[in-house]
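Listed below, chain by chain, are the residues.
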Amino acid sequence: MTADWTGALDRARANAPFLAQGLDRLPALEELLAAGDGEAALAWAKEAGHGAANVGSALRREKLALAVALAIGDLAGAFPLLAVTGELSDFADRALDAAIADAIRARVPDAEPAGFIALALGKHGARELNYSSDIDPILLYDPALLPRRERDEPGEAAQRVARTLMQTMSHVDAEGYVFRVDLRLRPASEVSPLAIPVEAALTHYESSALAWERAAFIRARACAGDLAAGEAFLAAIRPFVWRKSLDFGAITEIGRLTHRIRASQAGPTRPGPGFDVKKGRGGIREVEFYAQTHQLIHGGRNPALRQRRTRASLDALAEAGIIGADDARVLGESYDRLRQVEHRLQMVADQQTHRLPLDPEALDAVARLDGLESGAALLAELDTVTEAVGSRYDRLIAEHGHDPGTLSPVAAPQGEALAGELGKLGFADPDALSARIEAWRSGKLRALRSEAARAAFEAIQVPLLTALASAPEPERALLRWEQLLTNLPSAVNLFRLLEARPGLLELLARILSLAPPLADALARRADLLDPLIDASAFDLPPDVPTLAAELIRGEADDDYERLLNRVRRKVGELRFALGVQLIEGVRDPLEIGMGLNRVAEAALVVLTDATGDEFARTHGRIPGSNLLAMGYGRLGGGMLTHASDLDLVFLFSGDHGAESDGRRPLGATLYYNRLAQRVSAALSVPTAEGALYEVDTRLRPSGAQGPLAVSLDSFARYQRESAWTWEHMALARARVLFGPDAERRELEAIVHAVLTMPRDQVKLRADVLHMRGEMARHKPGKGPLDVKLARGGLVDVEFITHYLQLREGKGLTPYMPDALAQLAAAGLVSAALRPAHAMLTRFLIAARLLAPDGDEPPPAARAVLAKACQCGDWGNLIEAIDHARQTVAACWEQTFEEKLELNR
C-alpha cells in the first residue's frame, strides 16, 4: 500500500488538535512529512533538542518532534506498528539514560554513570510503548559503585538521583514533557525509597514477591544507566520469573486478576461510547494476558518462549505447539488493530486514554483520524475484533476451571462425608483412610502446611481419590501417593498441574501402582510429570546429535554448573517418560532400551565436551592430543535398562610425554587422568538437581589398580600382551562414544585387531567356561525370573556370542542382535537364539521397572509385564521365558559340548 502523506496531514489537522498544534510549531518537520520523506523526518526529530539549555529541555523538544513525525507516518501507512512502538521505546531508553547521567553529574561532575540501573517493564520492556504512554521503570543502585560525594551516604545519593531524574522526565512547561513516570512497580512501593539497593531487590524477589510481579518481569530488560549490572540482576532473578516446573497456578492468578479488572470496569462490556480498548473484554490486556499466561506456565522449561513482544510471544507459542497457529494469527492481528485504535485515541490530545469518546462527534473524529467514515464503522470493526479475542481468552480461563465471572472454589468433602465417598469408591477401610487424609491436611505433611497448598489439594481431592481407587493396585497407589507427599517440600505446582490436566490423574495412579522406580523418582521430583502433558512425551528420543543439541540448549549466560543441572533435569525427564511409555505399553521394551542408551550417550557427549572446556580454562589443552571415551557392556551394546550403570573406559591420543599449554600446565598422563575424573564426576556426582548415572570404570586396563585414562599406544600394547580373556570378551561389546573422528577410527582399528588376533582355541574355551563357572558360583541367579544371571539367561547368551566372536573373528559388532544374526548366518549358532535373546532382554528391561526387586510382582504388574513381552498373560510369559532359556541351553551345549542345568 502506498503511503498517503497528504491525507495523513489533512486528517491530523482536522481531527487531532495536539497534532495540529505540533505541526504549527514545527514547520520544517511538516515540510519533510509533506514531501513524504519519513526517514528524514525521523532524523530531524531526533536532532530537535540540540542547542537546548539543559537536558530536560532537549528531551522535551525531541519528544514533541518525534511524536508528530511518528503519528503522521503512522496515519500515512508508512510506519508499521512495531516501528512506531519501537521508536517510542528507544526514545524512552535514551531519555532515561540521559536523565540518569545528568542527575549523577549534577552532584559529581564528569562521573561515569555507574551503579545506577533503570529496568524497563511492561510495554516499555517489550519495546511496545503506546503513543502517549507513561513508563514504569524500576530504579536500582549498587552502593559500592554509585558515584557520590564523599560526605553523601549511598542511599541518600541514590534517592537524589531518582528525584532529579523524575523532575527531568515529568516536568511540564511550554515545550511539553518527556514522559510521565510511575515507580509503583518497585518492591513494596508503599514504604520503599524511589531507588532500591540491588541486594534488597534480590532478597524481595527471592522471598516475598507477589504473583503479579512475575508477569511484570516477563518483559523486563535493562534499559538505561548501568546496563551490564541491570542484565546481571535480571539473570539473578530469572528463577523467580521462569519456574523450572510447569506453573498452572498462573492460570488461577491471571484468572482472578481478569475477574477483578472486568468487575471494576464501569463502562460498556462491548464496544460502544466509553468502551475501554485496553481493559474491556477482548481488549489489549486480554491478548497480553493470553500470551503471558502460557509463557508463565511453559517458559521455565522452554527458553524459546521467553519473548518480550506480544506478537513474538504468540508466534513462539504456536511454533512450540502450545497454542494453535490460527489462534496466534487472529490474536496477533487483533492486538495490532487494537493498538492502532489506542494510538488514534491518544493522538487527539496527547492524553493517556484508552476509552472511546462518549460524545458521538468526538467518536466520529477518532474514526476519521483512523481513515474510517464514521464512529459507527469503528464500533462495528471493534465488535468483531474484541469478540475474537474475548472468546479465546474466556476459553483459556474456563478450560482450566476458572470462569472469569465466578472464581469461588468448590469445597472438598471432609469427615463423615469424605468417609462416605471413600466407601463408594471401594476403599477397604474408608473411616481409617478419611482420618489419614484429615491428618495430611492438619499439618502432618510439610507439602500441605500452607493455605495455598491445602486449597490446591482440595481442588483435586475427589478426582485424585477416584483415580487411585481405579488404579490396578489401589492400596499400593495410595501408600506411594502418601510417600510422595511426605518427601516433597512443596506440592502446590503438582496439585495445580493435576487440576489443569485431570487426564494425568489416571496415569499417575498407574505409575504409583505399577512402577516403584518411577514412583520413587516422582517423590524426588514431582515435576517429572510436566512433560507428559505434551503428546511428544510418548515419542522416542531422537538420534544422539539431536539429543545433545537439546541438552546444550539453554541461556546465553549459562555456566558449567547450570549445564550440569540442566542435563540432569532433562535426562531425568526423558528417562521418566520412557518408563511411562513402557508401563503404558505404547513401545516395545527393546525400543525403550535403545532410547535409554541414546539419552545416556547424549549426556556423555555433552558433559565430556563441557568438562573438557571447563578443565582447559585452568590447564589449557595438549596440542595434537584428545580424550576418547569408550562404552562397554550394555552401554556399548546400545541397550540400557532403567537400572543400568555406565561402563566407561577413557583413553587419549598423542604423545603421553606432552604437556598442556594452560596457566597451570600438566603432563599428558596426569592431565587426562584428572580430566577423566572430572568427566566421571560430571556424570555421577549429585547436584542440586539430583544424581545422573552410576559410572563404572573397572574395565580399564589393569582394572581398579590401573590409571583412569591411558594412551592409545598403551591400550593397544596392554590388550595385545597383558589382557585376560574376559577383557577381550568385554572388548567385543565396546564402542567408541566420544572423540574426534580420526582418533575414533584409530581406536576402532586397535579393537578390531585385538578381537581378530590368533588364539589358542583350547585355552579360549577353557577360560570362558572357567569364568562362567566362577560367576555362577559367586553371583547365582535369584530364581527363574532372573533372566540375566540364571543359567540359560542373558549372561550365557553373551558368553556364547563373545566366545564365538573371539574364536572365529566373525559377528564383530557390539550390538548383540546384529552379532547373533551374523553368527547365525555363518552357521555358528541357531537362528532361534536371536529371538530368545530378544525375549529375555524385553523381560529384563520391563522388569527393572515393574519388578525391580526380582520377586514375582503383583497381579497388575504381571499383566503389564506380559503385554510388554508380547505375551497374552502371565502364564504365557513364564512359558516364553522357559522356552527362551531352553533355546539358550541348547546353543550352549552345541557351542561348548557341555549341558546346562536349568533351575525351574
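Conventions adopted
- Residues numbered from 1 in each chain as written.
- Predicted model: local features only at pLDDT ≥ 70, side-chain atom pairs only at ≥ 80, totals over all residues.
- Heavy atoms only, no water.
- Salt bridge = Lys/Arg side-chain N within 4 Å of Asp/Glu carboxyl O.
- Helix = DSSP H or I, 4+ residues; strand = E, 2+ residues; numbered from the N terminus.
- Axes fitted to C-alpha atoms, helices over the stretch in contact; angles between N-to-C directions.
- Parallel < 35°, antiparallel > 145°, perpendicular 65-115°, else oblique.
- Left-handed = near helix turned anticlockwise from the far one by under 90°.
- Contact = heavy atoms within 4.5 Å.
- Nonpolar A, V, L, I, M, F, W, Y, C, P; charged D, E, K, R; others polar.
- Expected span 1.5 Å × (residues − 1).
- Buried < 20%, exposed > 50% of the residue type's maximum accessible area, 1.4 Å probe, protein only.
- Polar contact = N/O pair within 3.5 Å; in protein donor to acceptor, adjacent residues only side chain to side chain.
- Pairing = 2+ DSSP bridges.
- Phe/Tyr/Trp six-rings, centres within 6.5 Å; stacked < 30°, edge-to-face > 60°.

Student: Would you take a moment to explain the pattern of salt bridges for this structure?
Tutor: Oppositely charged side chains are able to pair whenever their charged atoms sit close together. In the structure shown here, the tally under the stated rule is 49 salt bridges. Among the ionic pairs, E584 bridges to R510, the shortest N-O distance being 2.6 Å. Separated by 74 residues along the polypeptide, E584 in the loop between α27 (560-583) and α28 (589-619) and R510 in helix α24 (residues 503-514) bring together distant segments of the chain. Among the charged side chains, a salt-bridge network with shared partners connects R301, R525, D527, R569, E573 and E689.

Student: Explain the packing of helix α21 (residues 451-469) against α24 to me, please; I cannot follow it from the model alone.
Tutor: To describe two helices that pack against each other, one gives the angle between their axes and the distance between the axes. At a minimum axis distance of 8 Å, the contact between α21 and α24 shows a crossing angle of 45°. Considering the angle they form, α21 stands oblique to α24. α21 and α24 meet at a crossing whose hand is right-handed. In this structure, α21 uses P463, L464, A467 and L468 to contact α24, whose residues at the interface are L505, E506, A509 and L512. Classifying every residue of the contact of α21 with α24 gives seven nonpolar, no polar and one charged.

Student: I would appreciate a short explanation of α28 in the present structure.
Tutor: Because the α-helix completes a turn every 3.6 residues, residues three or four places apart line up on one side. Across its 31 residues, α28 extends 44 Å between first and last C-alpha, which sits within 8% of the 45 Å expected from 1.5 Å per residue. Within α28, 23 of the 31 residues are buried, which leaves it mostly tucked inside the rest of the structure. For α28, the N-terminal cap is D588; the gap from its side-chain oxygen to the backbone nitrogen of L590 is 2.9 Å. Of the residues trailing α28, G620 is marked for its positive phi of about 75°.

Student: Would you mind showing me how to read the sheet that holds strand β4 (residues 221-225) here?
Tutor: Strands in a sheet are paired, the pairing made by backbone hydrogen bonds, and the direction either parallel or antiparallel. Strand order in the open sheet formed by four strands is β3-β2-β1-β4, with mixed pairing between adjacent strands. This sheet does not close on itself; its edge strands, each paired only once, are β3 (195-197) and β4. Neighbouring strand axes in the sheet, compared pairwise and without regard to direction, differ in orientation by 35° on average. Examined bridge by bridge, strand β2 (residues 138-141) and β3 share three bridges and lie parallel to one another. Within β3, the position partnered with Y141 by the bridge is P197. Strands in contact with helix α11 (residues 227-236) are β1 (116-120), β2 and β4; relative to β4, the strand with the most contacts, it is inclined by about 155°.

Student: Explain the pairing of strand β5 (residues 627-632) to me, please; I cannot follow it from the model alone.
Tutor: Strand residues, when the strand is regular, have side chains that alternate between the two faces of the sheet. Across the six residues of β5, six count as buried, placing the element largely inside the fold. Neither face of β5 is exposed, since L627, A629 and G631 on one face and L628, M630 and Y632 on the opposite face are all buried. When β5 meets strand β6 (residues 646-652), the two strands line up antiparallel, connected through six bridges. Within β6, the residue paired with A629 across the bridge is F650. One ladder, built from three bridges, connects β5 with strand β9 (residues 735-738); its direction is antiparallel. Residue pairing in the sheet places A629 in a bridge with F738 of β9.

Student: Can you walk me through the packing of aromatic side chains in this structure?
Tutor: Pairs of aromatic rings are described using the distance from one ring centre to the other and the angle between the two planes. According to the stated counting rule, one finds 13 aromatic pairs in the structure shown. Consider the rings of F91 and F179, whose centres lie 5.7 Å apart with planes at 35°: the pair is tilted. Here the residue F91 occupies a position in helix α6 (residues 81-107), and F179 occupies one in the loop between α8 (154-170) and β3, the gap between them amounting to 88 residues. For the pair F91 and F179, a shared accessibility class is recorded, and that class is buried. The interplanar angle of 35° and the centroid separation of 5.5 Å between the aromatic rings of Y205 and F240 together place this pair among those described as tilted.

Student: Please clarify how the environment of M169 should be interpreted in this entry.
Tutor: Along the chain, M169 turns up in helix α8. Take M169: its relative accessible area is 0%, and that puts it in the buried class. Expressed as a C-alpha distance, the spacing of M169 and G155, which sit 14 residues apart in the sequence, is 21 Å. With near-sequence residues (within four places) excluded, M169 lies in contact with A95, L96, A99, I135, Y177, V178, F179 and V181.

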